[in-house]
Amino acid sequence: AQKITQTQPGMFVQEKEAVTLDCTYDTSDPSYGLFWYKQPSSGEMIFLIYQGSYDQQNATEGRYSLNFQKARKSANLVISASQLGDSAMYFCAMRESSSGSARQLTFGSGTQLTVLP
Amino acid sequence: DTAVSQTPKYLVTQMGNDKSIKCEQNLGHDTMYWYKQDSKKFLKIMFSYNNKELIINETVPNRFSPKSPDKAHLNLHINSLELGDSAVYFCASSQDHSGHGNQPQHFGDGTRLSIL
């Protein structure tokens, strides 16, 4: 079974509008972390935001916020006031406590976001 | 600049050759990783090293071997390259202060490997 599911292969948003990128996850671990990364066309992987499974509040980082719904096992990324530079591939990832000292990330398949002028 | 740096950025070579990709981090992190991103952009863990100890090894062919001369370096050696090895390979590092795994992994810019 997929541990991280991103159901939107591609998304379009108008400049200055907000957009939500979906991410659902599957784990039986009580302790886990969820991460979002951005990969522009130049190829580098840029860390955006983190949410811990025990965090009471949704994470925010500038224009990025994470809509964490633990019971539904979803961790959607919300980008407010989209900019042309936000056009990129976005990956949701999870680290489970059962990975032990390995600390590996399991990635979703990504969502390609295009911001329209 | 503090970063994860990997070289080369591009690597074009013929099937059957042996090649290496170097990775260095100056962030003082205790764990380093290698990920493979395939043509469909899917990222999958290959290896990670913590304090010079290999702690995970996914279903990766033994033609791939990580080598860590010290905590700041994790090089990837690939023997007898095959067409299916064509991909982008990312090095990453992280530091886990609390043991809860809440520190992000910092990625290098990737090495695009093309097998002719």
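Placed above this text is the structure.
Residues numbered from 1 in each chain as written. Chains lettered and ligands numbered in written order. Predicted model: local features only at pLDDT ≥ 70, side-chain atom pairs only at ≥ 80, totals over all residues. Heavy atoms only, no water.

Side note on the pairing of strand 2 (residues 10-13) of chain B
Residues and elements named next belong to chain B. Across the two faces of strand 2 the burial differs, with Leu11 and Thr13 buried and Tyr10 and Val12 not buried at all. In terms of strand pairing, strand 2 meets strand 11 (residues 111-115) through four bridges, oriented parallel. Considered in strand 11, the bridge of Val12 is made with Ser114. (Buried < 20%, exposed > 50% of the residue type's maximum accessible area, 1.4 Å probe, protein only. Helix = DSSP H or I, 4+ residues; strand = E, 2+ residues; numbered from the N terminus. Pairing = 2+ DSSP bridges.)

Focus: the state of the cysteines
Linking two cysteines covalently via their sulfur atoms produces the bond known as a disulfide. Within the structure shown, the criterion is met by two disulfides over all chains. Each sulfur in the disulfide pair Cys23 of chain A and Cys92 of chain A lies 2.0 Å from the other. Every disulfide takes its handedness from the sign of the S-S torsion; for Cys23 of chain A and Cys92 of chain A that torsion is -65°, giving left-handed. With Cys23 of chain A in the loop between strand 3 (19-21) and strand 4 (24-25) and Cys92 of chain A in strand 10 (residues 88-96), the pair connects residues that are 69 residues apart, well separated along the chain. Across this residue pair, the class does not change: Cys23 of chain A and Cys92 of chain A are buried. Here Cys23 of chain B pairs with Cys91 of chain B through a disulfide, and the sulfurs are 1.8 Å apart. Taking the sign of the S-S torsion, -75° for the link of Cys23 of chain B and Cys91 of chain B, the bridge is left-handed. Of this pair, Cys23 of chain B sits in strand 3 (residues 19-25) while Cys91 of chain B sits in strand 9 (residues 87-94); the two residues are 68 residues apart in sequence, bridging distant segments of the chain. (Disulfide = S-S within 2.5 Å.)

Some points on the packing of aromatic side chains
On inspection of all chains with the given rule, the structure shows 14 aromatic pairs over all chains. Measuring from ring centre to ring centre gives 6.0 Å for Tyr37 of chain A and Phe107 of chain A, while their planes differ by 55°; the resulting arrangement is tilted. On the criterion of sequence distance, the pair formed by Tyr37 of chain A in strand 5 (residues 32-39) and Phe107 of chain A in strand 11 (residues 106-107) is long-range, its members being 70 residues apart. The two residues Tyr37 of chain A and Phe107 of chain A agree in class, both being buried. What links up through ring pairs into an aromatic cluster is the set Phe35, Tyr37, Phe47, Tyr50, Phe91 and Phe107 of chain A together with Tyr33, Tyr35, Phe90 and Phe107 of chain B. The cationic tip of Arg63 of chain A hangs over the ring face of Tyr64 of chain A; the distance from NZ or CZ to the ring centre is 5.8 Å. (Phe/Tyr/Trp six-rings, centres within 6.5 Å; stacked < 30°, edge-to-face > 60°. Lys NZ or Arg CZ within 6 Å of the ring centre and 35° of its normal.)

Observations regarding the sheet that holds strand 3 of chain B
All names here are of chain B. Strand order in this open sheet of four strands is 1-3-8-7, and the pairing throughout is antiparallel. The open sheet has two free edges, formed respectively by strand 1 (4-7) and strand 7 (64-67), since each of these has just one partner strand. The average undirected angle you get between the axes of adjacent strands in this sheet is 15°. Of the strand pairs in this sheet, strand 3 and strand 8 (residues 75-78) are connected by three bridges, and their pairing is antiparallel. Looking across to strand 8, one finds that Ser20 is bridged to His77. (Axes fitted to C-alpha atoms, helices over the stretch in contact; angles between N-to-C directions.)

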